[in-house]
Structure formats: C-alpha cells, structure tokens
Amino acid sequence: MTDRLARDGQGVRHAAALLSAGRIVAIPTETVYGLAARFDDAAAVQAIFDAKQRPADDPLIVHVSPTLVGKDPIGGLLDRGLIAPLTEDQAHTARALVAAWWPGPLTLVLPRGPAVPDAITAGLPDVAIRMPRHRDALDVLDAAGHPLVAPSANRFGRISPTTADAVLEELDGRIDAVLDGGPCGVGVESTVLRVSRDGSTRRLRPGAIDDAMIAAVLGAAPRAPGQGESAASPGQALVHYAPDTPMVVGTAADVSPLLTRVAVLAWSDAEPLLTALRPTHHVVAHRVLAEDGTPETAARHLYQHLRALDGTDADVLLVEPVPEGGGLRDALRDRLRRAAARRS
Ligand code: TXA
Ligand code: MG
C-alpha cells in the first residue's frame, strides 16, 4: 500500500526518512509530482524504473536544494562531484541561468561529475540537474540531506500527475508513499536546457522558462532541438503524456463521424466547439483550460483535465489547438502534440 503523507513537519520528516532508507516516495514540485529516490542508491534508482515501467535509456533529473549546494550552486555541484569542471564560457552561462531561475522550473544539462551513477544518466556524458521551488520539495531535500532523482510520478508515457490523487491513480501500491502538497502551481514539466562548452544553450524540452526569458538573461536565445537529434535527450519520445482515449487536436470537423461519444477540452470557451460538432456526436464531458485565456492557467489545468476526460467513457478526446503565440504556449503545444501521437 502507498501511504499518503500530510505536508506538515511530520509528513516531510517521514518522507525524508523513507528516502534516506532507500525507499521511493512521490513528492510535489512546482511543475508536476516527482517520484523521488536517493541519487546514490542503485537499488532505489532501479525501483523508480520498475515502478514507472520506464526504459533504462531514459535518464533522470537530479534535484538539489540551496542548503545542499550553497550560495554558489555551480561551485557546490562541482564540490559534490555532481558535475565535472566547466569551461569558462559554460560556467558563465550556467551561473547566469542559476542566478535568474534557481530555485525554479529550469533543468540544466551539464557534464556529469564522478559522483553520478551510470543508471541516472543512462550512460550519457551529461547529467540533468534542477533546484525545485516548491517549499515541500525543498524541505524534503533538506531533511534527507542528499540530492534526489525524481522523474514525473506517472507510469511511462502516461499523463504526468499534478495532484496526490493523480499520483495514486498512476502508482498506488507500486511506491512507498506520496507527500500531499496540493495541486502543482506550474502544471507542466521544467524547461530542459543543455549548456554547451562554448557557453551557448540548446532547449531540449520547452517549459515555463521560455526562449525569450532565456534570451533576456543570456543575450541569445537557445537553439531549438535539432532534427535527427533525438538521442541528445532520450526521454523526448514522441508518444508521451498520453491518455488512453484516442485524442485529436483540432476542430469538430476532425472528429470522425463514426466516433459517437466525444469529450471536449476547449481553450477558454467550449461553446463554439460544442455547437460545431455533428448531431451524431454525443458530448459526454467538456472542460475549459483557461477561463481567463492565459497560458499560465491553461498549463496549471492541462494534465488534470486530460486525466478527468480520459476517465470518461468517451471514444475520442477533442482538444482545441493552443492559440497563436510563444512562451508557455509552446510548451503546451509540445505536450498536446505528444499526447495525441499514436502509440505504435
Ligand atoms: O519538472 C520536472 O522536470 C519534473 C519534476 C518532477 O522535477 N521531472 C521530470 O522528469 O519531468 P522526467 O524524468 O519525466 O523528464 C526528464 C527529462 C527527460 O526528457 C530526459 O530525457 C531529460 O529530462 N534528461 C534527463 N537527463 C538528461 C541528460 N543527461 N541529457 C539530456 N536530457 C536529459
Ligand atoms: Mg515524465
């Protein structure tokens, strides 16, 4: 059975004690819930892959707190052997990004240090590291006293959880506990950014820290993930964040007339989509991502609404496309594209 721990001092201490003892515990972060384990416990790391049914070639993010890495996090990561010595340009870029967004939803991919086990990086020469901003996550890290690896707390390829209930839907009985920190504030996974030896950056996964924000700090936007470069970030499988119900991103005309039961996820107003559906379509449920029309609200609701609609008896989920514009909208488009991709 999986224990649900309250987010009080006792719950945090219990979560930390379980983790230190090599158990696996889901914890809230500002992005999504993560399934945490000691980074330096091979059996615990393996237990994460087993619980998630995650392929071993999909590397994990190491999570740290300000207490664990000190005032100069890049220096602290080096001292702990989590990263290897950086070039001057690389250190300059990494420090600027850390100063701007740690703690926060930005993961940096840097050369791995000697303390990082192979199982975490899938044998890659780089390691992904982030400092979450969620108070409960930081409290657990501080109480545990060691870094934690934490992939999103869902079964592989499925919708990431943004509440403790969603974690239990995914992993009840497969993990030791979940720390209930309430719903996640951001709602989509962190931006993943590789920092190269020449100090330039490449975005491996879009998130709340967008290209324009990065350009404002570095003076240059990150390169987009290149074609044929999927091996550079093995976790970016095309089919991901996916509901079990077939999903279409588009208009009412894109829904086959043969599929009768339709669940609708609209951007800010469901009415136009509902009226455009054919008379043969029966709407079993509908939800709106952002009544205020902002991408921040939409991101916060995305996975919860997808999960709820996936739980109906709909034959198909019809999702309205994300409106024009960049920033967090790019991250939402990315997640919807992967969620709608056909499983082979
Ligand atoms: O917001 C988040 O980042 C959440 C919370 C729990 O912190 N975690 C998360 O972890 O989304 P996960 O495992 O679901 O996604 C990790 C992503 C994958 O796309 C993976 O390929 C990439 O980070 N990644 C991890 N290590 C990497 C490495 N060494 N090189 C390149 N990409 C890496
Ligand atoms: Mg994930």
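Just above, that's the structure.
Please read all numbers here as calculations on a predicted model, not as lab measurements. (Residues numbered from 1 in each chain as written. Chains lettered and ligands numbered in written order. Predicted model: local features only at pLDDT ≥ 70, side-chain atom pairs only at ≥ 80, totals over all residues. Heavy atoms only, no water.)

(A) View of the overall build of the protein chain. What the protein chain contains, in helices and strands, is 12 helices and 14 strands. The globule rule puts the C-alpha radius of gyration for 344 residues at 20 Å, and the 20 Å found for the protein chain is close to it. In terms of overall dimensions, the protein chain has a C-alpha envelope of 65 × 50 × 35 Å along the principal axes. Relative to its 344 residues, the protein chain shows a buried fraction of 55%. A sequence separation of at least 24 residues applies to 68% of the contacts in the protein chain between residues at least 6 apart. Taken as a whole, the protein chain presents about 14,100 Å² of accessible surface, with 51% of it coming from carbon and sulfur. (Helix = DSSP H or I, 4+ residues; strand = E, 2+ residues; numbered from the N terminus. Rg over C-alpha atoms; globule rule 2.2 N^0.38 Å. Buried < 20%, exposed > 50% of the residue type's maximum accessible area, 1.4 Å probe, protein only. Contact = heavy atoms within 4.5 Å. Areas by Shrake-Rupley, 256 points an atom, 1.4 Å probe, with all protein chains shown as cover.)

(B) Region of interest: the packing of aromatic side chains. Evaluated as defined, the whole model comprises 1 aromatic pair. Considering the side-chain rings of Y241 and Y303, the 6.0 Å spacing of their centres and the 20 degrees angle between planes classify their relative orientation as stacked. Taken together, the residues span a long stretch of sequence, with Y241 in the loop between α9 (211-218) and β11 (247-249) and Y303 in helix α11 (residues 295-310) at a distance of 62 residues. Given the relative accessible area of 2%, Y241 is considered buried. Looking at Y303, the relative accessible area reads 1%, which means it is buried. (Phe/Tyr/Trp six-rings, centres within 6.5 Å; stacked < 30°, edge-to-face > 60°.)

(C) Structural detail: helix α7 (residues 135-144). Buried residues of α7: D136, A137, L138, V140, L141 and A144, and no others. Where α7 is buried, its residues contact α1 (9-20), β2 (25-27), β4 (61-63), α3 (66-69), β7 (148-149) and β8 (177-180). Phi for G145, located one or two positions after α7, is positive at around 80 degrees.

(D) Spotlight on the sheet that holds strand β5 (residues 106-111). Ordered by their spatial adjacency, 10 strands build an open sheet running β1-β8-β2-β3-β7-β4-β6-β5-β9-β10, and the pairing between neighbours is mixed. Two strands bound the open sheet, and with one partner strand each, they are β1 (3-6) and β10 (201-205). Relative to strand β9 (residues 191-195), β5 runs parallel, the two sharing 4 bridges. Counterpart to V109 in the pairing with β9 is R194. (Pairing = 2+ DSSP bridges.)

(E) Inspection of the pairing of strand β13 (residues 282-288) at higher detail. For strand β12 (residues 261-266) and β13, the ladder comprises 6 bridges, and the chain directions are parallel. Bridge pairing links L265 to R287 in β13. The parallel pair β12 and β13, bridged by helix α10 (residues 271-276), forms a crossover whose chirality is right-handed. (Right-handed = clockwise from strand over helix to strand, strands pointing away.)

(F) Region of the structure containing the pattern of salt bridges. Taken as a whole, this structure holds 25 salt bridges when the rule is applied. Here R333 ties to D330 by a salt bridge, and the two come within 2.9 Å at their closest N and O atoms. Taken as a pair, R333 and D330 lie in helix α12 (residues 328-340) at a separation of 3 residues, close to a single helical turn. What makes R333 partly exposed here is its relative accessible area of 31%. A salt bridge links R337 to D334, with the nearest nitrogen and oxygen atoms 3.5 Å apart. Remark: D334 and R337 occur in helix α12; sequence separation between them is 3 residues, near one turn of the helix. (Salt bridge = Lys/Arg side-chain N within 4 Å of Asp/Glu carboxyl O.)

(G) Region of interest: the environment of T2. In this fold, T2 is placed in the segment before β1. When the C-alpha positions of T2 and R333 are compared, they lie 33 Å apart, and in sequence the two are 331 residues distant. Residues within four places of T2 in sequence aside, it is in contact with L168, L171, D172, G173, R174, I175, D176, A177 and V178. Separated by 2.8 Å, the side chain of T2 and the backbone nitrogen of G173 make a polar contact. Here the side chain of T2 touches I175 through a polar contact of 2.7 Å, landing on its backbone oxygen. (Polar contact = N/O pair within 3.5 Å; in protein donor to acceptor, adjacent residues only side chain to side chain.)

(H) Representation of unusual backbone geometry. Note that the residue after W102, namely P103, is joined by a cis bond; omega there is -5 degrees. Position of P103 relative to the elements: it lies in the loop between α5 (88-101) and β5. Unlike most non-glycine residues, Y241 shows phi in positive territory, near 55 degrees.

(I) Highlighting the pairing of β8. Here β1 pairs with β8 via 4 bridges, running parallel. Bridging across to β8, R4 finds its partner in V178. Sheet topology note: the β2/β8 ladder contains 2 bridges and is parallel. Directly across from A26, in β8, lies its bridge partner V178.

(J) How the structure looks around the sheet that holds β12. Spatial strand order, β11-β14-β12-β13: 4 strands in an open sheet with parallel pairing. Edge positions in the sheet fall to β11 and β13, since each has one partner strand and no second. If you compare each strand with its neighbour and ignore which way they point, the axes differ by 20 degrees on average. Packing of α12 onto the sheet brings it into contact with β11 and β14 (316-319), and relative to β11 it is tilted by some 140 degrees. (Axes fitted to C-alpha atoms, helices over the stretch in contact; angles between N-to-C directions.)

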